[in-house]
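Chain by chain, the residues:
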Amino acid sequence: MIIDLHSHSTRSDGKESPTEVFERAALAGVNILALTDHDTTSGWDEAATAAQRLGLGFVPGIEVTTRAKVQREGHTRFISVHMLAYLPDPKHAALSSVLGDSVAIRETRARAMVDLLAKDFDITWDLVLEQLTEGATIGRPALADALVALGVVSHRSEAFESILSKHGGYYIPAETADVFDAITLIREAGGVPIIAHPLGGAPDNLDRGDLPQEHFEKLIAGGLAGFEVYHREVPQVAREWLLGLADKHDLIVTGSSDYHGEHGKPNRLGENSTTPEMFERILSLGSGVEAQI
Ligand code: AMP
Ligand code: FE
Ligand code: FE
Ligand code: ZN
């Protein structure tokens, strides 16, 4: 049984429609798939129809863009935290308003990044929009696609490793919802908040002393339900630490691919998966909308 709880479609920064994502999931031998586009539920209906036709299970989800305020070396900093929300009520007014805000903030930020990039490259806002399906949640991947279209880089990952990286000189953070507020709202909407790829991208030689114990304990006290431990970007040291924390607080542990399409990102459907026991816990905790199993 392969349960993959994190994937993206053209409704955000994936390269394939919800239908195609589910068709590919069936080919990859995935049995149950969550569609978790960034800050939108617009792909759910199409995903549900495709899943039913293909005999797959469908879990409605969202990857909510949030940020956490942290103190480091005496300074206030913001770090980006992606919060997966499973089975939230899509009609919950406050949650949908936060998602709408997030989409708008992402657009303002993307436009500002394009203005910076336009000083050095032939990129335009129209070219970026050409890379997107109408109504899709925008992110750096659309900017990467525009740079590929211009021949500046040969693929998305090359853009992320250079020009579009945090230290590439064109990066602007998105001032999205506070992580604690997002957790509260997801819970209010009957959803199950699970941190996506926690400490993702941290170096493999991450020092145990640098693990944000206090911060994570606060998130747990604030209603966090679990961690996506098995994800290709989560370093081994962090995995062991997260498993310990999950054990201590009886939290949910998931594993997922974070698929963005054959040509969107190297992540492959079903490359990580969630156990049926953990999946059952998500189903019993979530009450905003039903999964289609
Ligand atoms: P943003 O949320 O706009 O800062 O962009 C980050 C998003 O880019 C993440 O949600 C990933 O889905 C995507 N991303 C990160 N690294 C890569 C990569 N190497 N190739 C393609 N997409 C990526
Ligand atoms: Fe993404
Ligand atoms: Fe993410
Ligand atoms: Zn994702």
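Peer 1: Please clarify how the nonpolar core should be interpreted in this entry.
Peer 2: Side chains of nonpolar character tend, in soluble globular proteins, to be buried together. One finds Phe22, Phe58, Met83, Phe216, Leu224, Phe227 and Leu242 to be the most contacted residues of the largest nonpolar core, which totals 48 residues. It is helix 9 (residues 236–249) that contributes the most residues to this core, 6 residues altogether. Those residues in contact with Phe58 that lie beyond four places of it in its chain are Phe22, Leu33, Leu35, Trp44, Ala47, Ala48, Ala51, Ala291 and Gln292. Ranked by size, the runner-up nonpolar core spans 19 residues in total, among them Ala110, Trp125, Val128 and Ile163.

Peer 1: Any chance you could explain the site of ligand 1 here in plain terms?
Peer 2: The full set close to ligand 1 counts 14 residues, and Asp13, Arg109, Arg140, His260 and Gly264 are the nearest of them. Arg106 places a polar side-chain atom, nitrogen or oxygen, 3.5 Å from an oxygen atom of ligand 1. When isolated, ligand 1 has an accessible area of 490 Å², and the protein chains bury 85% of it. Listing elements by their share of the shell around ligand 1, those giving two or more residues are helix 3 (93–118), helix 5 (140–149) and helix 6 (156–161). For the shell around ligand 1, the element with the highest residue contribution is helix 6, accounting for 3 residues. Residues of the shell around ligand 1, tallied by class, amount to 2 nonpolar, 6 polar and 6 charged.

Peer 1: Can you walk me through the packing of aromatic side chains in this structure?
Peer 2: Each aromatic ring pair is characterised by the separation of its centres together with the angle its planes make. Inspection of every chain in the model, using the stated rule, returns 4 aromatic pairs. The interplanar angle of 40° and the centroid separation of 5.8 Å between the aromatic rings of Phe216 and Phe227 together place this pair among those described as tilted. Of this pair, Phe216 sits in helix 8 (residues 213–221) while Phe227 sits in strand 7 (residues 226–230), placing them 11 residues apart in sequence. For the pair Phe216 and Phe227, one class covers both residues: buried. Each member of the aromatic cluster is reached from another via a ring pair, and the members are Phe216, Phe227 and Trp241. The ring of Phe78 carries the charged tip of Arg67 above its face, separated from the ring centre by 3.7 Å.

Peer 1: Got a minute to help me understand the environment of Phe22 in this structure?
Peer 2: Residue placement: Phe22 occurs in helix 1 (residues 18–27). By relative accessible area, which is 0% here, Phe22 ends up buried. Spatially, the C-alpha atoms of Phe22 and Arg53 are 9.8 Å apart, while their sequence positions differ by 31 residues. Dropping the residues within four chain positions of it, Phe22 is found in contact with Leu33, Leu35, Ala47, Ala50, Ala51, Leu54, Leu56, Gly57 and Phe58.

Peer 1: I tried to follow the coordination of the iron ion (ligand 3) on my own but got confused; where do I start?
Peer 2: Put simply, a metal with four donors set out as a tetrahedron has ideal angles of 109.5 degrees, and one with six donors set out as an octahedron has ideal angles of 90 or 180 degrees. Each protein donor to the iron ion (ligand 3) is listed here as Glu63 (OE), His82 (ND1) and His197 (NE2); together their distances run 2.0 to 2.3 Å. On the primary sequence, the residues serving as donors to the iron ion (ligand 3) are separated as E-x18-H-x114-H.

Peer 1: Just to check I follow, could you spell out the coordination of the iron ion (ligand 2) for this structure?
Peer 2: Around the iron ion (ligand 2), the protein contributes the donor atoms Asp13 (OD), His38 (NE2) and His260 (NE2), which lie 2.1 to 2.2 Å from the metal centre. The distance between the iron ion (ligand 2) and the iron ion (ligand 3) comes to 5.2 Å. In this pair, Asp13 sits in the loop between strand 1 (3–4) and helix 1 while His260 sits in the loop between strand 8 (252–255) and helix 10 (276–285), placing the two residues 247 residues apart along the sequence. Both residues of the pair, Asp13 and His260, belong to the buried class.

Peer 1: Looking at this structure, how should I read the packing of helix 1 against helix 2 (residues 44–54)?
Peer 2: The description of two packed helices rests on the angle between their axes and on the distance between the axes. Where helix 1 contacts helix 2, the axes come no closer than 8 Å and their chain directions differ by 30°. By the angle between their directions, the pair helix 1 and helix 2 is classed as roughly parallel. Crossing handedness for the pair helix 1 and helix 2: right-handed. Along its contact with helix 1, which presents Pro18, Thr19, Phe22, Glu23 and Ala26, the element helix 2 presents Glu46, Ala47, Ala50, Ala51, Arg53 and Leu54. Within the contact of helix 1 with helix 2, the residues separate by chemical class into 7 nonpolar, 1 polar and 3 charged.

Peer 1: Got a minute to help me understand unusual backbone geometry in this structure?
Peer 2: Across the chain, the bulk of peptide bonds are trans and the bulk of non-glycine residues have phi less than zero. Despite not being glycine, Asp39 shows a phi value in the positive range, around 55°. Summarising the element assignment, Asp39 is placed in the loop between strand 2 (32–35) and helix 2. What makes Asp39 buried here is its relative accessible area of 3%. Here the phi dihedral of His197 falls at roughly 30°; this positive angle occurs in a residue that is not glycine. Here His197 is to be found in the loop between strand 6 (192–195) and helix 8.

Peer 1: What exactly am I supposed to notice about the pattern of salt bridges here?
Peer 2: Side chains bearing opposite charge may pair, as long as their charged atoms lie close to each other. If you walk through the whole model with that rule in mind, you get 16 salt bridges. Where Lys15 meets Asp145, a salt bridge forms, and the shortest distance between an N and an O atom there is 3.4 Å. Of the two residues, Lys15 is situated in the loop between strand 1 and helix 1 and Asp145 in helix 5; the sequence distance between them amounts to 130 residues. Connected through salt bridges with shared partners, the residues Glu16, Glu20, Arg24 and Glu262 form a single ionic network.

The rules we used
Residues numbered from 1 in each chain as written. Chains lettered and ligands numbered in written order. Predicted model: local features only at pLDDT ≥ 70, side-chain atom pairs only at ≥ 80, totals over all residues. Heavy atoms only, no water. Core = buried A, V, L, I, M, F, W, Y, C linked by side-chain atoms within 4.5 Å. Buried < 20%, exposed > 50% of the residue type's maximum accessible area, 1.4 Å probe, protein only. Helix = DSSP H or I, 4+ residues; strand = E, 2+ residues; numbered from the N terminus. Contact = heavy atoms within 4.5 Å. Near = heavy atom within 4 Å. Polar contact = N/O pair within 3.5 Å; in protein donor to acceptor, adjacent residues only side chain to side chain. Areas by Shrake-Rupley, 256 points an atom, 1.4 Å probe, with all protein chains shown as cover. Nonpolar A, V, L, I, M, F, W, Y, C, P; charged D, E, K, R; others polar. Phe/Tyr/Trp six-rings, centres within 6.5 Å; stacked < 30°, edge-to-face > 60°. Lys NZ or Arg CZ within 6 Å of the ring centre and 35° of its normal. Donors = N, O, S within 2.8 Å, 3.2 Å for Na, K, Ca; no water. Axes fitted to C-alpha atoms, helices over the stretch in contact; angles between N-to-C directions. Parallel < 35°, antiparallel > 145°, perpendicular 65-115°, else oblique. Left-handed = near helix turned anticlockwise from the far one by under 90°. Salt bridge = Lys/Arg side-chain N within 4 Å of Asp/Glu carboxyl O.

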